[in-house]
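# Examining the three-dimensional arrangement
Each chain, letter by letter, is given below.
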Amino acid sequence: MNYLLKFFTIIMAVVLSSCSHRPGTDVQRTDELPPIYPDYVGVTIPVGIAPLNFNVVRGNVKCVDVVVRGSKGGELHANGDYADFDVDDWHALVEQNKGGRLTFTTCVLQDGQWIQYKDFTVDVSSYALDEWGLTYRRVAPGYEVYSKMGLYQRDLSTFDEFAIIENTQVTGMCVNCHTANRTNPEQFVFHVRGDHGATMFQQQGKREWLQAKNELLGGSMVYPYWHPTGRYCAFSTNQTRQGFHVVPSERIEVFDLSSDVFVYEPSTHKILTDSLLSTKEWSENTPTFSPDGRTLYYMTCLQQDYPVNFENERYNLCKIGFDPDKGTFDQHVDTIFNAVAKGKSLTWPRPSYDGRYILFTLMDYGYFSVWHNESDQWLLDLRTGEARELKEINSPMADSYHNWNENSHWIVFTSRRDDGLYTRLYLCSIDEQGRCSKPFLLPQRNPRRYYDETFFSFNTPDFTKEKVDFDAHTAGREIQSDERVKTQIQ
């Protein structure tokens, strides 16, 4: 017993002595900014975000000491192997400095010498981010074999992550295409692929599993988007295929042999179709409703001979009027962004909830932008009809899936900019003039360790007002039961 006590005493002494002192008067100063991961220098954050913990990633660093001071008062200190801020103290400091600025003074102990780097700042936005967290799919970056994957949710104010549903609950299951109604998970939908395929609808705690395929549609119900009233949900039905490139600069290509757009009415289980949205010559895809619910946006391309002419697959952005009282469509379609004329392809249109913008991704061809390094974020101003590249948030790597928070001042999107292999989640704010702040990587407790050890990509992110209440254990039994609600085409 005495031997064990002595052993643990020595171990604790080593741990505590590894980084237990602060810089003195002999600090060596440098004009360089600290080499930190993630790069939080000059970003803008919302009140309530988890602490911006970071690692110093250059040299043989023995200790990191950081002092954060608010322009409106308050101070916070962290000392250890990396900058690890107390969650409660962090939130108090950020709240106190809403609309102000935080200044970070970073010192490192390296080769027996304390070095103080140039201070950097972080702005605290006056725009609220009232959502509880994020939902997203986490999957291996090359999904020839699904391995472990699922839908997850993350509390934005802490580092806590929770599984909504994982494929380990049902053998061979893949879950994707999830969405809530304007970030409200009281109305939640996702699609299940595999031998027990289905489309899951959950409204106010009541769950239904729809038959995965309606033979008259020719495919499954994918890429959902809720009508703001909750009365309808738009989908596309896609015969999706994937191929694999033989050159190292490109990996996977995804294309549709055909795709159409329709609207589903959950209360009647009816599918509302229109000849303008289901054509043989064109592929209609990824529908979204306008915030007032009277317009259906979608993308469309001239059908190609796949896989031979996959590089000619280019999508434009279109719209068609929708009458929510009658459940009918207008008799004409307008093209509102002609990407083909630019020699480009548009994908993933997402209207801001205030009705001002449509955020989309532009790429050379196709629509699975996550596999295209040239894919960039663009913003269409619906008042002026002008679109611009969001150069302030784009990177040389694939910038792809995105969504808005409810007040339309925050964006979450995926990017491979970190290492070129894994898509990770970034957030940024957008002001009244449509200008975006520098994006920041979703905070983690120990960022370098977390992202080095997480061999999964994040995709299809969305904000959620509150934690998604979903009984995954019961849902697993329901999926395996194969009891399904049939849909009817009107």
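Because the structure is predicted, anything quoted here is derived from the model rather than measured.

Cut-offs and rules
Residues numbered from 1 in each chain as written. Predicted model: local features only at pLDDT ≥ 70, side-chain atom pairs only at ≥ 80, totals over all residues. Heavy atoms only, no water. Buried < 20%, exposed > 50% of the residue type's maximum accessible area, 1.4 Å probe, protein only. Helix = DSSP H or I, 4+ residues; strand = E, 2+ residues; numbered from the N terminus. Arc of directions from axis to C-beta. Contact = heavy atoms within 4.5 Å. Polar contact = N/O pair within 3.5 Å; in protein donor to acceptor, adjacent residues only side chain to side chain. Pairing = 2+ DSSP bridges. Disulfide = S-S within 2.5 Å. Axes fitted to C-alpha atoms, helices over the stretch in contact; angles between N-to-C directions.

## What about helix H2 (residues 87–96)?
- When we look at burial in H2, the residues that qualify are Val87, Trp90, Leu93 and Val94. Seen end-on, H2 carries its buried residues on one side only, within an arc spanning 130°.
- Of the surrounding elements, those touching the buried residues of H2 are strand E3 (44–45), strand E5 (61–70), strand E6 (75–80), strand E7 (101–110) and strand E9 (120–124).
- Near the N-terminus of H2, the side chain that reaches the backbone nitrogen of Asp88, with its oxygen 3.1 Å away, is that of Asp86.

## Focus: the environment of Leu210
- Among the secondary structure elements, Leu210 is positioned in strand E16 (residues 206–211).
- The class of Leu210 is buried, set by a relative accessible area of 0%.
- Residues Leu210 and His191 lie 19 residues apart in sequence; the distance between their C-alpha atoms is 9.4 Å.
- Those residues in contact with Leu210, other than ones at most four positions away along the chain, are Ala198, Thr199, Phe201, Met221, Tyr264, His269, Arg484, Val485 and Thr487.

## Quick word on the pairing of strand E31 (residues 399–404)
- In terms of residue burial, E31 counts as a mostly covered element, since 6 of its 6 residues are buried.
- Both E31 and strand E32 (residues 410–415) contribute to a ladder of 4 bridges, which runs antiparallel. Along E32, the bridge assignment pairs His402 with Phe413.
- In sequence, E31 turns back onto E32 through a hairpin of 5 residues, with Ser408 there showing a positive phi of about 65°.

## Digging into helix H4 (residues 472–481)
- Those residues of H4 lying buried are Ala472, Thr474, Ala475, Gly476 and Ile479.
- Contacts made by the buried residues of H4 are with strand E12 (161–166), strand E14 (184–193) and E16.
- Its side-chain oxygen at 3.3 Å from the backbone nitrogen of His473, Asp471 defines the N-terminal cap of H4.
- Backbone geometry just after H4 places Asp482 at a positive phi near 65°.

## Focus on the state of the cysteines
- All told, the structure shown has 0 disulfides when counted by the stated rule.
- With no disulfide of its own, Cys174 has Cys177 as its nearest cysteine by sulfur position, at a separation of 8.5 Å.
- Judged by its relative accessible area of 1%, Cys174 falls in the buried class.

## Overview of the sheet that holds strand E10 (residues 133–139)
- Here we have 4 strands laid out as an open sheet, ordered E12-E11-E10-E35, and antiparallel in their pairing. Here the strands that pair on one side only, and so sit at the sheet edges, are E12 and strand E35 (457–464). Recorded for the sheet is a direction-independent mean angle of 25° between the axes of neighbouring strands.
- In this sheet, strand E11 (residues 150–155) lies alongside E10 in antiparallel orientation, the contact comprising 6 bridges. Looking at the pairing, Thr135 lines up with Gln153 of E11.

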